[in-house]
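# Per-entry structural report
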Amino acid sequence: MRVREYGRRFGKEYSDAYVDSEALLAHRRTLGELSDEEFTARADGFVNADERQREHDLRVADELTHLIGQLGVGELMPYEKIGWALMRSGMRLWSEQDGVTRVPFQLRPRIGSR
């Protein structure tokens, strides 16, 4: 990118083909210096490998929260704006500030054939 900008600003004697080829060579040098993990992260559309790992960790946490909620297990945690809250599958069931919320499922355990 820098080569391309410089060539177009200051080098009127440079042709567009020359500027593009120099930019491509600079890009290839940059790619050659990347580790396999960084290269793969960029190929997947992430800025770097750390951002890719953060995104993966968040996705796994959401899936596990949903799975645990399917088993009827929730989590009681303090949240910044609502105080203590009971969550299940990412949905708030109760909070210290708002109390019980309406949810699309029952919170009572099933007994027998009911």
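Since the model is a prediction, treat every value here as computed from it, not as a measurement. (Residues numbered from 1 in each chain as written. Predicted model: local features only at pLDDT ≥ 70, side-chain atom pairs only at ≥ 80, totals over all residues. Heavy atoms only, no water.)

## So, unusual backbone geometry
A negative phi angle is the norm for most residues apart from glycine, just as the trans form is the norm for most peptide bonds. This is how it is decided: A run of H or I in DSSP becomes a helix once it reaches four residues, and a run of E becomes a strand once it reaches two; helices and strands are each numbered from the N terminus.
Even without glycine at this site, S89 takes up a positive phi of about 55°. Mapped onto the fold, S89 is located in the loop between β2 (83-88) and β3 (91-95).

## A word on the pattern of salt bridges
Inclusion rule: Here, a salt bridge means any Lys or Arg side-chain nitrogen found within 4 Å of an Asp or Glu carboxyl oxygen. Each residue gets one of three labels from its accessible area relative to the maximum for its type: buried under 20%, exposed over 50%, partly exposed in between, using a 1.4 Å probe on protein chains only.
Across all of its chains, the model carries two salt bridges by this definition. Across the salt bridge formed by D44 and R52, the nearest N and O atoms sit 2.9 Å from each other. By relative accessible area, which is 44% here, D44 ends up partly exposed. For R52, a relative accessible area of 29% translates into the label partly exposed. The salt bridge involving D98 is made with R92; its shortest N-O contact spans 3.3 Å. Under the relative-accessibility criterion, D98 is labelled partly exposed at 46%.

## Thoughts on the sheet that holds strand β1 (residues 75-79)
Applicable threshold: Pairs of strands are assigned from DSSP output, requiring at least two bridges between the strands.
Taken in spatial order, the four strands line up as β1-β2-β3-β4 in an open sheet, and their pairing is antiparallel. The sheet is open, and its two edges are formed by β1 and β4 (99-100), each paired on a single side. By the bridge criterion, two bridges tie β3 to β4 in an arrangement that is antiparallel. Each residue of the ladder has a partner; that of W94, found in β4, is V100.

## Focus on helix α4 (residues 49-70)
Threshold: The span one expects for a helix is its residue count, reduced by one, times 1.5 Å. As used in this structure description, the phrase polar contact means that two N or O atoms lie within 3.5 Å; if the pair is within protein, one of them must be able to donate a hydrogen and the other to accept it, and residues adjacent in sequence are counted only when both atoms belong to side chains.
Helix length check: α4 (22 residues) gives 32 Å between terminal C-alpha atoms against 32 Å at 1.5 Å per residue, within 8%. Capping the start of α4 is the job of one residue whose side-chain oxygen sits 3.2 Å from the backbone nitrogen of D50: N48. Of the residues trailing α4, G72 is marked for its positive phi of about 85°.

## Points about the side chain of R88
Where we set the bar: A residue counts as positive if it is Lys or Arg and as negative if it is Asp or Glu; His and the chain ends are not included.
Along the polypeptide, R88 turns up in strand β2. For the buried residue R88, which engages in no salt bridge, the nearest side chain bearing the opposite charge is E75, 11 Å off. In this structure the side chain of R88 is engaged in a polar contact, spanning 3.0 Å, whose partner is the backbone oxygen of G69.

## Focus: a nonpolar patch on the surface
Our working definition: The residues that make up patches have over 30% relative accessible area and no salt bridge, and they are joined within 9 Å when like-charged or within 5 Å when they are Val, Leu, Ile, Met, Phe, Trp or Tyr. Per-residue and other accessible areas were derived by the Shrake-Rupley procedure at a 1.4 Å probe size, with only the shown protein chains allowed to occlude residues.
Side chains of V60, L64, L67, I68, L71 and V73 sit close together on the surface and give an oily, nonpolar patch of about 530 Å² of accessible area. You can see V73 is positioned in the loop between α4 and β1.

## Digging into the pairing of β2
The sheet contact formed by β1 and β2 spans five bridges and is antiparallel. Following the sheet pairing, E75 is matched in β2 by M87. Here β1 folds back onto β2 in antiparallel fashion, the turn holding three residues. Here β2 runs beside β3; their pairing, made up of four bridges, is antiparallel. From the neighbouring strand, R88 faces β3, where its bridge partner is M91. Hairpin geometry of β2 and β3 is characterised by an intervening segment of two residues between the two adjacent antiparallel strands and by a positive phi of about 55° at S89.

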